[in-house]
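The residues making up each chain are set out below.
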Amino acid sequence: MDFRLSDEQEAVRKMVREFAEKNVAPIAAAIDREKRFPTENIPRMAELGLLGMTAPAEWGGAGFDYVSYVVALEELARACAATSVIVSVTNTLAGYPLNAFSNDAQKERFLRPLATGAKLGAFALSEPNAGSDPAAMTTVAVKKGGSYVLSGQKNFITNGGHAGIYVVFAKTDVAAKHRGISAFVVEAGTPGFTWSPPEDKMGIRAAHSTQLFFDNCEIPVENLLGQEGEGFKIAMATLDRGRIGIAAQAVGIAQACVDAAAAYAKERHAFGKPIAHHQAIQHMIADMHVAAEASRVLTWRAAFLCQQGEKFGTASAMAKLFASEAAMKNAIDAVQVHGGAGYTTDFPVERYMRDAKITEIYEGTSEIQRLVIARDAIGLK
Ligand code: COS
């Protein structure tokens, strides 16, 4: 067993940390306040290979391993959680199914532009009445000659309006329930496909989420991913990987909280000395430090198992559950260490607190992660 990163993985961390400190951290507060998508950083991240990190080099990807990928996401999230999710959705929620369930023609048309960063990706599973239970979706795809015609609505779609390529789930056989769901690619600009303005959210405000509308949206049969009826399994396999990315995002937030609390505790004086010298503050920061590190270890483990081709669904759920709850707790405590100052927008910790909350919700709530873990622990499946 070796807990160290390889030289290549360390090099990825250094590269992304330098990029994030120079280009991401300086704008993080402003893009959050203005709810502004960080358009200027997309080509820069594409240049570094960050939008196709795990995609094979033959399709324009950087061909990194999964541990490098989570290390990169942690570094981005440490600077700006919104930026990290724009990247993770493109890499995994869209990039993975386009790599794993597609033929070469589809890879050329859809994976290459994502992996090179020419286009962003999005993943459209959730609906207004189908979140934790995606099998309840009502979006349908009806086959008509050489086309499928999609009708329905999707909800909370990260990168909506900015993505060029959307992996969309719809029912091709309503009676077959989850076994009647199929996965499709819909490109921006397809007639009948529109989206709402971005939601006004509590956190990750610079990462836009929109509703998507499909109104008799006709796409060629060549845009079906895998076989008809395979969509639910494609979505679940994709989310198993996506959740590792959200865990990494949570690790980045949890670490940012430790860094901010430690720095402030050394500056701020109370009772004649820096508050870092008071045991109450030391204990709080010690616990935050442990929480960030334990989250990182679980996240690396899930990424490692995924990379090895071993079973990793439970490890991924554990990493997301633990890291997201650690990020939330660390953020609350980081605000507490800052006292009144932490409750203002003069310091980043209030943003960390707002950003941390979503990691307990998207790509499967904590309740869903516990369900997945319990099934494994109890042996229900
Ligand atoms: N990978 C591949 N296949 C999987 C899978 C996985 N991780 N999990 C389940 N499946 C398969 C099962 O093997 C089963 O296959 P069969 O049709 O051959 O029987 C099928 O999918 C249905 O599985 P199951 O009965 O476990 O489905 P449930 O409806 O009970 O749902 C949960 C399982 C709750 C885990 C699933 O619905 C889920 O993850 N929900 C949360 C969705 C989510 O994360 N939404 C956020 C969207 S992105 S922001």
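Residues numbered from 1 in each chain as written. Predicted model: local features only at pLDDT ≥ 70, side-chain atom pairs only at ≥ 80, totals over all residues. Heavy atoms only, no water.

Caption draft 1: Region of interest: the overall build of the protein chain. Helix and strand counts for the protein chain stand at 10 helices and 10 strands. Computed over C-alpha atoms, the radius of gyration of the protein chain comes to 21 Å, within 12% of the 21 Å expected from 2.2 N^0.38 for 381 residues, which places it in the range of a compact globule. In terms of principal-axis extent, the alpha carbons of the protein chain reach across some 80 × 45 × 40 Å. Residue burial in the protein chain is summarised as follows: out of 381 residues, 55% are buried. Pairs at least 24 apart in sequence give 73% of the contacts found in the protein chain among residues at least 6 apart. (Helix = DSSP H or I, 4+ residues; strand = E, 2+ residues; numbered from the N terminus. Rg over C-alpha atoms; globule rule 2.2 N^0.38 Å. Buried < 20%, exposed > 50% of the residue type's maximum accessible area, 1.4 Å probe, protein only. Contact = heavy atoms within 4.5 Å.)

Caption draft 2: Local environment of the side chain of R296. Relative to the helices and strands, R296 is located in helix α7 (residues 279-308). Looking at R296, the relative accessible area reads 8%, which means it is buried. Among the polar contacts made by the side chain of R296, one reaches the side chain of Q255 at a distance of 2.9 Å. If sequence neighbours within four positions are ignored, R296 has contacts with R13, E74, V251 and Q255. (Polar contact = N/O pair within 3.5 Å; in protein donor to acceptor, adjacent residues only side chain to side chain.)

Caption draft 3: Structural detail: the site of the ligand. Not every one of the 19 residues close to the ligand is listed here, only the nearest: S132, H178, R179, D240 and R375. Protein contacts shield 72% of the accessible area of the ligand, which totals 1000 Å² for the unbound molecule. Judged by its atoms lying within 2 Å of the grid points, the ligand is housed in the largest pocket. Breaking the shell around the ligand down by element, the ones donating at least two residues are α6 (231-267) and α10 (366-378). Considering each element in turn, the shell around the ligand owes the most residues, seven residues, to α6. Looking at the shell around the ligand residue by residue, the class counts come to seven nonpolar, five polar and seven charged. Shared between two domains, the shell around the ligand takes at least three residues from each, and those domains are domain 2 (121-229) and domain 3 (233-378). (Near = heavy atom within 4 Å. Areas by Shrake-Rupley, 256 points an atom, 1.4 Å probe, with all protein chains shown as cover. 1 Å grid on protein atoms, 1.4 Å probe; cavity = no way out; pocket = protein on both sides within 12 Å on 5 of 7 lines; lining within 4 Å. Sits in = over half its atoms within 2 Å of the grid points. Nonpolar A, V, L, I, M, F, W, Y, C, P; charged D, E, K, R; others polar. Domains from an automatic or database assignment.)

Caption draft 4: Seen up close, the side chain of D355. Tracing the chain through its elements places D355 in helix α9 (residues 349-359). Of the side chains bearing the opposite charge, R351 lies closest to the buried D355, which forms no salt bridge; the N-O distance is 4.3 Å. Engagement of the side chain of D355 in a polar contact is seen with the backbone nitrogen of I204, the distance being 2.7 Å. Contact partners of D355, with chain neighbours within four places excluded, come to A81, G203, I204 and I253. (Lys, Arg positive; Asp, Glu negative; His and termini not counted. Salt bridge = Lys/Arg side-chain N within 4 Å of Asp/Glu carboxyl O.)

Caption draft 5: Spotlight on the pairing of strand β3 (residues 147-158). Pairing of strand β2 (residues 140-144) with β3, which is carried by five bridges, proceeds in the antiparallel orientation. When the bridges of β3 are listed, A141 appears paired with L150. Following β2, the chain reverses through two residues before pairing antiparallel with β3; G145 in that reversal takes a positive phi of roughly 60°. Sheet topology places β3 next to strand β7 (residues 209-220); nine bridges connect them, and they run antiparallel. By the bridge assignment, G152 is partnered in β7 with F214. (Pairing = 2+ DSSP bridges.)

Caption draft 6: Layout of the nonpolar core. Membership of the largest hydrophobic core comes to 118 residues, with the highest contact counts inside it found for M45, L98, L150, F169, V186, F214 and Y352. Among the elements that make up this core, the one with the highest residue count is α6 (18 residues). (Core = buried A, V, L, I, M, F, W, Y, C linked by side-chain atoms within 4.5 Å.)

Caption draft 7: Expanded view of the pattern of salt bridges. A complete count under the given rule lists 23 salt bridges for this structure. In this structure, R205 and D200 form a salt bridge, with 2.9 Å as the shortest nitrogen-oxygen distance. Look at the salt bridges and you will find they share partners, linking R13, R17, E21, E74, E75, R78, D259, E293 and R296 into a network.

Caption draft 8: Spotlight on the domain arrangement of the protein chain. Under the domain assignment, the protein chain is made up of domain 1 (7-115), domain 2 (121-229) and domain 3 (233-378). With centres defined by C-alpha atoms, the gap from domain 1 to domain 2 works out at 22 Å. Opposite the 24 residues of domain 1 that make contact, domain 2 presents 24 residues. Between domain 1 and domain 2, roughly 2000 Å² of surface is buried when both sides are summed, and carbon and sulfur atoms account for 66% of that area. The three residues of domain 1 that bury the most area against domain 2 are K35, F37 and F110, which together make up 31% of that side's buried surface. There are two salt bridges connecting domain 1 and domain 2. Here E187 and R109 are joined by a salt bridge, their closest N and O atoms 3.8 Å apart. The interface formed by domain 1 and domain 2 holds nine residue pairs in polar contact (both at pLDDT 80 or more) in total. Within the residue set of the side of domain 1 that touches domain 2, elements represented by two or more residues are α1 (7-34), α4 (81-100) and α5 (104-115). It is α4 that contributes the most residues to the side of domain 1 that touches domain 2, 10 residues altogether. In the side of domain 1 that touches domain 2, the residues fall into 16 nonpolar, three polar and five charged. (Buried area = accessible area lost by both parts, 1.4 Å probe.)

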